Amino acid sequence: MSSKVSVLICLFILHLWAATSVTGRKIGIYEIKKGDLSVKITNYGARIISVLLPDKHGKIGDVVSGYDTIEEYKNDTRYFGALLGRVVNRIGGAQFTLNGTLYKLVPNEGNNTIHGGPKGFSYVVWKVSKYVQDGLCPCITLTYHSADGEEGFPGDVLASVTYALKDPYKLSVVFKAKALNKATPINLSHHPYWNIGGHNSGDVLSQVVQIFSSHITPVDEQLIPTGEIARVKNTPYDFLKPRKVGSRIDKIDRGYDRNYVLDSNEKMKPVAIVYDKKSGRVMDIQATAPCVHFYTANWVIDVKGKGGYVYQPHSSLSLETQGYPDAVNHPNFPSTIVNSGKTYAHSVLYTFSIKK
C-alpha cells in the first residue's frame with residue numbers, strides 16, 4: 001500500500017471519529033465481531049451501518065444499505081439502520097390524548113408524526129455505556145435520556161439498546177426504555193435496510209420471504225391505520241408460505257409498506273425468514289414484539305450509498321418488529337403506554353445461515 005493511500009485512509013477514519021454533536025458528545029463507529037460475522041454501529045441514532053457475513057462461496061459481503069460517512073447519515077431522510085423512537089411508525093394527526101390531556105407532537109410527514117418526529121431517536125447522539133469488541137460476548141450498549149416534552153411527548157424516558165453477537169451467526173438486539181416520571185407511549189424498533197444478497201447486488205424481488213402473520217392493519221391514503229385488522233388470505237400481502245418478494249408486488253401501489261400482526265402468542269415468536277438463492281444466505285428473525293412492518297424501500301430513489309452505489313426502489317427490504325402502530329389513537333389495539341416507573345422491553349434475534 002502506498003504512503004499516499006495510507007494517509008487518505010487515516011484521514012477518512014479520523015473524519016468519522018472526529019465528528020461531534022452539538023452537545024459535545026463524540027460520534028464514533030464501533031465494530032463488534034465474532035468469527036467472520038461483523039457488525040458496525042454508530043452512536044449517531046444508534047444505527048447499524050454494516051453487517052458483514054459470508055455467502056455460500058465463503059465470500060464476505062455487506063448485507064445492509066447505508067453510507068460511507070457520518071455526515072451522510074446526518075442528512076439521511078430514510079432512516080438507514082436507525083433506531084426508531086420514542087414511537088416507531090406513524091401517529092395520525094400528530095396528536096393523542098392520554099389521561100385526559102391532549103398532547104400535540106411535532107409533525108414530520110404531512111400532518112402526521114413518523115418515527116418519533118423530526119428529532120426522534122434516529123437523529124440524536126447516544127451515550128456508549130458498554131463496549132466489548134470481540135471475544136466470547138461482543139456487544140455494545142447505547143443509552144439516551146429523552147426529556148419531558150421532547151417532540152411533544154410527555155415525561156422523561158431513559159432508553160437503551162444492546163447489540164450483541166451470539167453463536168453461531170446470531171445478532172441479538174435488546175431495546176429497553178423506562179418512563180421516569182409520567183405515563184408515555186413507547187414503541188421502539190430499528191430500520192436496517194436488508195439485502196442479504198449484498199447491499200450492492202441489485203433488487204430484492206427474487207428473494208424469498210415468509211412472514212408468520214395472517215393479518216395486517218389496513219391504512220388510509222396517508223398510511224395511518226384505520227383501526228381494522230384484516231386477513232391476508234387471498235391478497236398480495238399473504239406471505240404465510242414462502243414466496244418471492246416480486247411475485248405479486250405489481251398488484252400493490254409502489255410496493256410493500258404494511259404492518260403485520262404476528263400469529264404466535266409466545267414471548268419470543270417467529271417473525272420472518274428471508275432467503276437469497278444466489279448467495280445462499282438465509283436470515284431468520286424472531287422477536288418479542290406483537291407486530292412487524294414489512295417495507296420494500298419504495299421511496300429509496302437515486303440514493304447514493306456505500307462505495308458510490310446508487311440505491312433504487314426495492315433495492316432492499318425492512319422488517320421492523322414493533323407494537324401496534326398508532327395505538328394511542330385506536331383503543332382496540334393493544335396499548336403502547338408505559339406508566340411512570342415502569343420499563344418497556346423488546347428483543348429481536350437475527351439468525352444467519354447458508355443454504356447451498
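Residues numbered from 1 in each chain as written. Predicted model: local features only at pLDDT ≥ 70, side-chain atom pairs only at ≥ 80, totals over all residues. Heavy atoms only, no water.

- Per an unreviewed UniProt entry, the protein goes by the name Aldose 1-epimerase and belongs to Nicotiana tabacum.
- UniProt, in the comment section headed Catalytic activity (unreviewed entry), describes the protein in these words: "alpha-D-glucose = beta-D-glucose".
- What the UniProt record of the protein gives under Pathway (unreviewed entry) is the line "Carbohydrate metabolism; hexose metabolism." (UniProt positions renumbered as here; feature names shortened; annotations may be inferred.)

Describing the pattern of salt bridges
Phase 1 of the analysis: What the rule picks out here adds up to five salt bridges.
Phase 2 of the analysis: Between Arg-47 and Asp-76 there is a salt bridge whose closest N-O contact spans 3.0 Å. Taken together, the residues Arg-47 in strand β3 (residues 47–54) and Asp-76 in the loop between α2 (70–74) and β5 (82–84) connect sequence positions 29 residues apart. Exposure class is identical for Arg-47 and Asp-76. Each is buried.
Phase 3 of the analysis: Arg-90 is paired through a salt bridge with Glu-109; the nearest N and O atoms lie 2.6 Å apart. (Salt bridge = Lys/Arg side-chain N within 4 Å of Asp/Glu carboxyl O. Helix = DSSP H or I, 4+ residues; strand = E, 2+ residues; numbered from the N terminus. Buried < 20%, exposed > 50% of the residue type's maximum accessible area, 1.4 Å probe, protein only.)

Concerning the packing of aromatic side chains
Phase 1 of the analysis: Under the definition given, this model contains 21 aromatic pairs.
Phase 2 of the analysis: Grouped by ring-pair contacts, the aromatic residues Tyr-67, Tyr-73, Phe-80, Tyr-193, Tyr-295, Tyr-309 and Tyr-311 constitute a single cluster.
Phase 3 of the analysis: Just above the ring of Tyr-275 sits the side chain of Lys-355; from NZ or CZ to the centre is 4.5 Å. (Phe/Tyr/Trp six-rings, centres within 6.5 Å; stacked < 30°, edge-to-face > 60°. Lys NZ or Arg CZ within 6 Å of the ring centre and 35° of its normal.)

Things to note about the environment of Phe-96
Phase 1 of the analysis: Residue placement: Phe-96 occurs in strand β7 (residues 95–98).
Phase 2 of the analysis: In this view, Phe-96 contacts Thr-101, Leu-102, Tyr-103, Leu-105, Phe-153, Pro-154, Pro-185, Val-328 and Asn-329; residues no more than four positions away in its chain are not counted. (Contact = heavy atoms within 4.5 Å.)

Details of the sheet that holds strand β26 (residues 318–322)
Phase 1 of the analysis: Strand order in the open sheet formed by five strands is β18-β17-β20-β23-β26, and the pairing between neighbours is antiparallel. Both outer strands of the open sheet, β18 (230–231) and β26, are each paired with one neighbouring strand and no more.
Phase 2 of the analysis: With five bridges connecting them, strand β23 (residues 291–295) and β26 associate as antiparallel partners. By the bridge assignment for β26, Tyr-295 is matched with Ser-318. (Pairing = 2+ DSSP bridges.)

Focus: the sheet that holds strand β11 (residues 139–146)
Phase 1 of the analysis: With antiparallel pairing, the nine strands of this open sheet are ordered in space as β10-β11-β12-β13-β28-β22-β21-β16-β19. In this open sheet, the two strands that pair with only one neighbour each are β10 (127–132) and β19 (243–244).
Phase 2 of the analysis: Two strands pair when backbone bridges link them, and strand β13 (residues 170–179) and strand β28 (residues 343–354) are joined in this way by nine bridges, in the antiparallel orientation. Looking at the pairing, Ser-172 lines up with Leu-349 of β28.

Topic: the confidence of the model for the protein
Phase 1 of the analysis: Here the protein shows a mean pLDDT of 94. Residues at 70 or above account for 93%.
Phase 2 of the analysis: Within the model, pLDDT remains below 50 along residues 1–19, and this stretch shows 18 contacts once partners closer than five positions in the same chain are excluded. (pLDDT = per-residue confidence, 0-100.)

Regarding the UniProt feature "active site" (unreviewed entry) in the protein
Phase 1 of the analysis: Residues given the UniProt feature "active site" (unreviewed entry) here are His-191 and Glu-320. These residues run over 130 residues, yet every pair of their C-alpha atoms falls within 6.2 Å of each other.
Phase 2 of the analysis: By the element assignment, His-191 lies in strand β15 (residues 189–191).
Phase 3 of the analysis: Taking relative accessible area as the criterion, His-191 reaches 4% and is therefore assigned buried.
Phase 4 of the analysis: For His-191, the contacting residues outside a window of four places in its chain are Arg-78, Tyr-79, Phe-80, Gly-81, Ala-82, Leu-84, His-115, Tyr-295, Ser-318 and Glu-320.
Phase 5 of the analysis: In this structure, Glu-320 sits in strand β26.
Phase 6 of the analysis: A relative accessible area of 3% places Glu-320 in the buried class.
Phase 7 of the analysis: When sequence neighbours within four positions are dropped, the list of residues in contact with Glu-320 reads Leu-84, Val-88, His-115, Ser-189, His-190, His-191, Cys-291, Val-292, His-293 and Tyr-295.

Quick word on the environment of Thr-42
Phase 1 of the analysis: With respect to the helices, strands and loops of the structure, Thr-42 is situated in strand β2 (residues 37–42).
Phase 2 of the analysis: Considering only alpha carbons, one finds Thr-42 and Leu-142, 100 residues apart in sequence, at a separation of 9.6 Å.
Phase 3 of the analysis: Ignoring sequence-local partners within four residues, the contact set of Thr-42 consists of Ile-27, Gly-28, Ile-29, Arg-47, Ile-49, Ile-70 and Leu-142.

A short note on unusual backbone geometry
Phase 1 of the analysis: A cis amide bond links Gly-85 to the next residue, Arg-86, at an omega of 5°.
Phase 2 of the analysis: With respect to the element layout, Arg-86 can be found in the loop between β5 and β6 (90–91).
Phase 3 of the analysis: Residue Pro-168 is reached from Asp-167 by a cis peptide bond, and omega for that bond is -25°.
Phase 4 of the analysis: With respect to the helices and strands, the residue Pro-168 is situated in the loop between β12 (157–166) and β13.

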